[in-house]
Amino acid sequence: MTAPKSAVAKPARAARKEAPAAPATDPGELMMGELSELLGYALKRAQLRVFEDFLQCVAPVQLTPAQFSVLLLLDNNPGRNQTEIANTLGILRPNFVAMLDALEGRGLCQRTRSPSDRRSHILILTDKGRATLARAKKLVATRHEARLSELLGEDNRVALLAMLGKIAHEF
């Protein structure tokens, strides 16, 4: 016969608690070590902050940085095919098709068969797409880019653009 649960002795609550271990270091920020010296890590951290700010700035038009880039390219290169746009922006084909579906679903762009190559689609920015892009460009210029320019100063902004371009094209 087993003893009733109430009859089983439990250790006193105070005896079960262990004293918390003293922290080995200050509980503040983590030590980054070599990570703080890696350019790739610094670029990624900066990109995350820039994208976060971009998304907040263009929230009224609900565009991601990639969607904004696609609309800009379509505006500057009407009638180009989707492969050219995707390759220029470095977007994988399945991701680009999904993005185009979303943009087309919102009425911002349109895909049509290429008259010269029926396997290809050309992309056209719609009137609604042009209006959305114009609004987004204004938000980006007056909020997002203005904040970055204020933070860096114009000379550093120009220098950073040149350095990032060098990495993108020559690395």
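Refer to the structure printed above.
Residues numbered from 1 in each chain as written. Predicted model: local features only at pLDDT ≥ 70, side-chain atom pairs only at ≥ 80, totals over all residues. Heavy atoms only, no water.

S.K.: Break down the packing of helix α2 (residues 39–57) against helix α6 (residues 127–152) for me, citing the residues and quoting the values.
M.R.: Each packed pair of helices is defined by two parameters, the angle between the axes and the distance between the axes. Two elements in contact, α2 and α6, have axes whose closest approach is 9 Å; the angle formed by their N-to-C orientations is 150°. Classed by the angle they form, the pair α2 and α6 counts as roughly antiparallel. The chirality of how α2 crosses α6 is right-handed. On the side of α2, the interface is formed by V50, D53, F54 and C57, while α6 contributes L139, V140, R143, H144, R147 and L148. Taken together, the residues of the contact of α2 with α6 sort by class into six nonpolar, one polar and three charged. (Axes fitted to C-alpha atoms, helices over the stretch in contact; angles between N-to-C directions. Helix = DSSP H or I, 4+ residues; strand = E, 2+ residues; numbered from the N terminus. Parallel < 35°, antiparallel > 145°, perpendicular 65-115°, else oblique. Left-handed = near helix turned anticlockwise from the far one by under 90°. Contact = heavy atoms within 4.5 Å. Nonpolar A, V, L, I, M, F, W, Y, C, P; charged D, E, K, R; others polar.)

S.K.: So what's going on with the pattern of salt bridges? Which residues, and what values?
M.R.: One pass over the structure, following the stated rule, counts nine salt bridges. Two residues, R157 and E154, come together in a salt bridge whose shortest N-O distance is 3.8 Å. Residue R157 and its partner E154 are located together in helix α7 (residues 154–170), separated by three residues, close to a single helical turn. On the basis of relative accessibility, which here comes to 24%, the residue R157 falls in the partly exposed class. Overlapping salt bridges bring together D101, E104 and R111 as one network. (Salt bridge = Lys/Arg side-chain N within 4 Å of Asp/Glu carboxyl O. Buried < 20%, exposed > 50% of the residue type's maximum accessible area, 1.4 Å probe, protein only.)

S.K.: An account of the nonpolar core is requested, with residue identities and associated values reported.
M.R.: Core analysis: the largest hydrophobic core is formed by 24 residues, its most contacted members being L63, V70, F96 and L103. Counting residues per element, the ones that place at least two in this core are α3 (65–76), α4 (82–89), α5 (93–105), β2 (121–125) and α6. Residues contacting L103, with those up to four places away along its chain left out, are L63, Q67, V70, L71, L108 and C109. (Core = buried A, V, L, I, M, F, W, Y, C linked by side-chain atoms within 4.5 Å.)

S.K.: Tell me about unusual backbone geometry, and name the residues and values.
M.R.: At Q62, a position not held by glycine, the phi torsion is positive, near 50°. Within the element layout of this structure, Q62 appears in the loop between α2 and α3. Accessibility expressed as a relative area gives 59% for Q62, which makes it exposed.

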